[in-house]
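Each chain is listed here by its residues.
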Amino acid sequence: MKAPLRIMRPDDANVAGNVHGGTVLKMIEEAGAIISTRHCNSQNGERCVAALARVERTDFLSPMCIGEVAHVSAEITYTSKHSVEVQVHVMSENILTGTKKLTNKATLWYVPLSLKNVDKVLEVPPVVYSRQEQEEEGRKRYEAQKLERMETKWRNGDIVQPVLNPEPNTVSYSQSSLIHLVGPSDCTLHGFVHGGVTMKLMDEVAGIVAARHCKTNIVTASVDAINFHDKIRKGCVITISGRMTFTSNKSMEIEVLVDADPVVNNFVKRYRAASAFFTYVSLSPEGKSLPVPQLVPETEDEKKRFEEGKGRYLQMKAKRQGQAETQA
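Residues numbered from 1 in each chain as written. Predicted model: local features only at pLDDT ≥ 70, side-chain atom pairs only at ≥ 80, totals over all residues. Heavy atoms only, no water.

Trainee: In this structure, what is going on with the layout of surface pockets? I would like to understand it.
Mentor: If a probe the size of a water molecule is rolled over the atoms, the empty space left behind becomes visible. There is about 1500 Å³ of room inside the largest pocket. Contributing to the lining of the largest pocket are 49 residues, with Arg-57, Thr-58, Asp-224, Met-316 and Lys-319 lying nearest its centre. Secondary-structure elements contributing two or more residues to the lining of the largest pocket are strand 3 (58–60), strand 5 (84–93), strand 6 (100–114), helix 2 (132–155), strand 8 (217–223), strand 11 (252–261), strand 12 (271–283) and helix 5 (300–327). Its residues placed into classes, the lining of the largest pocket shows 17 nonpolar, 15 polar and 17 charged. Of the pockets and cavities examined, the second largest pocket occupies roughly 850 Å³. Along the walls of the second largest pocket sit 37 residues, with Ala-51, Leu-52, Ala-53, Val-111 and Phe-228 positioned nearest its centre. When contributions to the lining of the second largest pocket are tallied by element, the ones reaching two or more residues are helix 1 (21–40), strand 2 (48–55), strand 6, helix 2 and helix 4 (195–214). (1 Å grid on protein atoms, 1.4 Å probe; cavity = no way out; pocket = protein on both sides within 12 Å on 5 of 7 lines; lining within 4 Å. Points joined across faces, edges and corners; volume = space filled by probe spheres on them. Helix = DSSP H or I, 4+ residues; strand = E, 2+ residues; numbered from the N terminus. Nonpolar A, V, L, I, M, F, W, Y, C, P; charged D, E, K, R; others polar.)

Trainee: Where do I start with the pairing of strand 11 in this structure?
Mentor: Looking down a regular strand, the side chains alternate between one sheet face and the other. By the criterion of burial, strand 11 is predominantly enclosed, with nine of the ten residues buried. Two elements, strand 10 (residues 237–247) and strand 11, share ten bridges in a ladder whose sense is antiparallel. Each residue of the ladder has a partner; that of Thr-239, found in strand 11, is Asp-259. Examined bridge by bridge, strand 11 and strand 12 share nine bridges and lie antiparallel to one another. Across the sheet, residue Ile-254 finds its bridge partner in strand 12, namely Phe-278. (Buried < 20%, exposed > 50% of the residue type's maximum accessible area, 1.4 Å probe, protein only. Pairing = 2+ DSSP bridges.)

Trainee: Please clarify how the environment of Ala-106 should be interpreted in this entry.
Mentor: Here Ala-106 shows up in strand 6. On the basis of relative accessibility, which here comes to 5%, the residue Ala-106 falls in the buried class. Note: C-alpha distance between Ala-106 and Phe-267 (161 residues apart in sequence) is 37 Å. Sequence-distant contacts of Ala-106, that is, excluding residues within four places in its chain, are made with Ile-28, Thr-58, Val-86, Gln-87 and Val-88. (Contact = heavy atoms within 4.5 Å.)

Trainee: I keep staring at the UniProt feature "domain: HotDog ACOT-type" (unreviewed entry) in the chain and nothing clicks. Help me out?
Mentor: Under the feature "domain: HotDog ACOT-type" (unreviewed entry), the UniProt entry names residues 1–116 and 172–286. The span residues 172–286 is 20% helix and 43% strand, and its two end C-alpha atoms sit 30 Å from each other. (UniProt positions renumbered as here; feature names shortened; annotations may be inferred.)

Rendered as C-alpha cells:
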C-alpha cells in the first residue's frame, strides 16, 4: 500500500530545515494504521480498528528537508492470532532534481480492537505467505517482541523528578517534561490517541533534552523500540518526560516516558502508557556531526542507566559492523 504523497513544510522542520523525526514517525504510523485496519476488516465479522502496540527500532538513514516530498509505503509481513506486523518504508524526493533516497524503514505491530468495545481484542485474518519461511521468520519476530514488551513494562515504573539548580552536563540539567491535554483532534473516531500523535510528542521532548545538553542543532538518529503499554483516552492529561541516559563521542541516548492521568475519572489512577529510547546526534551549521558533551551521572540510578545505555550502544555498534562485513 502506498500512502498519499506529502510535501514537507516549514512547520514540519527545525530551525535548520531538517524535518522532525516525530513528523516522520507520525506519517509511518498513519500508513501502518490504514493497512492493518483494512486487513483486519477484510473478512465478514465484528468491525474493528487497528491500534498501535509497538514500533521496533527505527533508524533515520538520511535527513529529509523542507520542500522535499515524502513517499510512504506499507506492507503486512506477518499475522498472529491477535496482532499484525507491518513494515513501512519512507522515501524522500527532491522534486527539482527528481532524486529519491530512502530515509526510514520501520516495523510496527498492531492489535485489532472492537468498535463495540475498544477493550476487546479481536482475531486477525491470516495473511497468505509466498514462502513457508516467511511465516516461520515472522513467528520468531513476534515471540521476540512479545518478550521484550513484557520486560519493558515491568522495568519502567519510575518517574522523572525535577531538581533545583542542576549542574551543566548532568541528567537533571537537560531533563524535560511536556504536559498535554488530549483533545478530539489527537484521537481516533473511537476516543483513544493515535500512536503517531504520541510518538511525535515523545520525539519533541527528546529533542528538547538533546538541545539543552549540547546547545547545537540536533536531529533524530534512531528510535529504539517504542512500547505502547496501554491506551490513552480522550480527556486524559499526559505527561511526556525525557532524560539523558548515555552519551558516546557523537550520540546521545534519551529515555522518554509517557504517563496518562484520567483526570475526569476518579476510579482510574495515573498509569504508564508508553516508553522508548531515542538517539540524537549534534550537527554543525554545515550539517556535519559534532562531538557531544559527556554526560555526568550523579546518582546510583543514573550510573546504572548509563551502563545499560552503554551496553545498548555497543550492542548496536557490533550489529552494524557485522552487517557491514556481511555485505562486504
